[in-house]
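# Residue-level structural notes
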Amino acid sequence: MTMMEEKSFTCPVDGEVFQDGIIISTNQMGQYTDFKPVVGGLFPFPFYVHACPVCGFAGYEEDFQAQYEDDFKKWVKSELTGELESGPLYGGLKYLLAARCAHRLGKTRREVADLYLRGAWCAQDEEAPELEARCRKEAAVHFESALAAGEIDAKERAPIVYLVGELHRRLGDSEAAGAWFDKVAGEIVDSQEQSWVLKMTGIQRENPVDTFPEELGQ
Ligand SMILES: [Zn+2]
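One structure accompanies this document, and this report is about it. Predicted model, so just to flag it, every value in this text is computed and none were measured.

## Thoughts on the overall build of the protein
When its secondary structure is counted, the protein shows 7 helices and 6 strands. Starting at the N terminus and ending at the C terminus, the protein contains elements arranged as β-β-β-β-β-β-α-α-α-α-α-α-α. In terms of overall size, the protein behaves like a compact globule, its C-alpha atoms giving a radius of gyration of 18 Å where 218 residues would be expected to give roughly 17 Å. Along the first, second and third principal axes, the C-alpha set of the protein runs to 50 × 40 × 30 Å. Within the protein, buried positions represent 38% of all 218 residues.

## Digging into the pairing of strand 2 (residues 17-25)
Bridging between strand 1 (residues 3-10) and strand 2 involves 8 bridges; their strand directions are antiparallel. In the strand pairing of strand 2, T10 is matched with V17. Hairpin connection, strand 1 to strand 2: the antiparallel pair is bridged by 6 residues, and G15 has positive phi, about 80°.

## Considerations on helix 4 (residues 129-148)
Taking 1.5 Å of rise per residue, 20 residues should cover 28 Å, and helix 4 covers 28 Å from first to last C-alpha, within 8% of that figure. Looking only at helix 4, the buried set comprises L131, E132, C135, R136, E138, A139, A140, H142, F143, A146 and L147. Here the buried face of helix 4 lies against helix 2 (91-104), helix 3 (109-125) and helix 5 (154-170). Among the residues trailing helix 4, G150 stands out with phi positive, at a value near 75°.

## Some thoughts on the environment of R100
For R100, the position within the fold is in helix 2. The exposure class of R100 is buried, given the 22 C-beta atoms found within 10 Å. Linking R100 and V76, residues 24 residues apart in sequence, is a C-alpha distance of 9.3 Å.

## Brief notes about the packing of helix 3 against helix 4
One can describe the packing of helix 3 onto helix 4 by two numbers: an axis separation of 8 Å at closest approach and a directional angle of 160°. Taken together, the axes of helix 3 and helix 4 lie roughly antiparallel to each other. Both helix 3 and helix 4 take part in a crossing whose hand is left-handed. Contacts between helix 3 and helix 4 involve R109, R110, V112, A113, Y116, L117, G119, A120, A123 and Q124 on the former and, on the latter, L131, E132, C135, R136, E138, A139, H142, F143, S145 and A146. Of the residues that constitute the contact of helix 3 with helix 4, the class distribution is 11 nonpolar, 4 polar and 5 charged.

## Concerning the nonpolar core
Core analysis: the biggest nonpolar cluster contains 51 residues, and F57, Y95, A98, Y116, A139 and F143 have the highest contact counts within it. Contributions of two or more residues to this core are made by helix 1 (70-80), helix 2, helix 3, helix 4, helix 5, helix 6 (174-184) and helix 7 (195-206). Looking at this core element by element, the count peaks at 9 residues for helix 3.

## Side note on helix 5
Across its 17 residues, helix 5 extends 25 Å between first and last C-alpha, which sits within 8% of the 24 Å expected from 1.5 Å per residue. With 14 of 17 residues buried, helix 5 is to be regarded as a mostly interior element.

## So, the environment of V13
Along the chain, V13 turns up in the loop between strand 1 and strand 2. The buried category is assigned to V13, around which 22 C-beta atoms lie within 10 Å. As a C-alpha pair, V13 and V54 span 41 residues in sequence and 10.0 Å in three-dimensional space. Excluding residues that lie within four positions of it along the chain, V13 makes contacts with C52, C55, F57, Y68, K73 and V76.

Calculation rules
- Residues numbered from 1 in each chain as written.
- Predicted model: local features only at pLDDT ≥ 70, side-chain atom pairs only at ≥ 80, totals over all residues.
- Helix = DSSP H or I, 4+ residues; strand = E, 2+ residues; numbered from the N terminus.
- Rg over C-alpha atoms; globule rule 2.2 N^0.38 Å.
- Buried ≥ 20, exposed ≤ 12 C-beta atoms within 10 Å, placed from the backbone.
- Pairing = 2+ DSSP bridges.
- Expected span 1.5 Å × (residues − 1).
- Contact = placed C-beta atoms within 7 Å.
- Axes fitted to C-alpha atoms, helices over the stretch in contact; angles between N-to-C directions.
- Parallel < 35°, antiparallel > 145°, perpendicular 65-115°, else oblique.
- Left-handed = near helix turned anticlockwise from the far one by under 90°.
- Nonpolar A, V, L, I, M, F, W, Y, C, P; charged D, E, K, R; others polar.
- Core = buried A, V, L, I, M, F, W, Y, C linked by C-beta atoms within 7 Å.

So this is what it looks like as structure tokens:
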């Protein structure tokens, strides 16, 4: 079960003080095929990230402790504040804002991709299909560029290539999904330890499922 408490945050861009929940504990019971955790009770991911309700600055807790250049602050006000009007400030939008901040701040493509992926998980939970699709597309784009830039360790490449295929599959683009699923076998570096990736790719290509079968141990 998910346990949380309230915490006060001070926005490093405009000094706004606001409250948001933080997660004290949660439990994972399984995993969806896009690596979204299956949890008992409240989905915790919206509360791992925080967003200023006035200017739209967003990030993890430690991002609120950092100092930022005036240039960045100006960018937040001109580019992000408007995004606040696109919907309620739930997890999906908080991650989208955090991903845009991370991208602007020059964090790795992988970090940006992870934020968009989490945004897609939250938006799905929040039944915001347009935001979910936007986050999935951005996650795919950034994971693809992280792969191309060599940011992903050899052992992680096969699962990430599978994930890019799965993101396209969930976006309804079976052609792109198939093309990425085709690349998975070529990325396997440990055939025993990574056999689940190949099995899962086969399942999603032939007869897709929503959660990882238990026997694959993911
Ligand atoms: Zn702010």
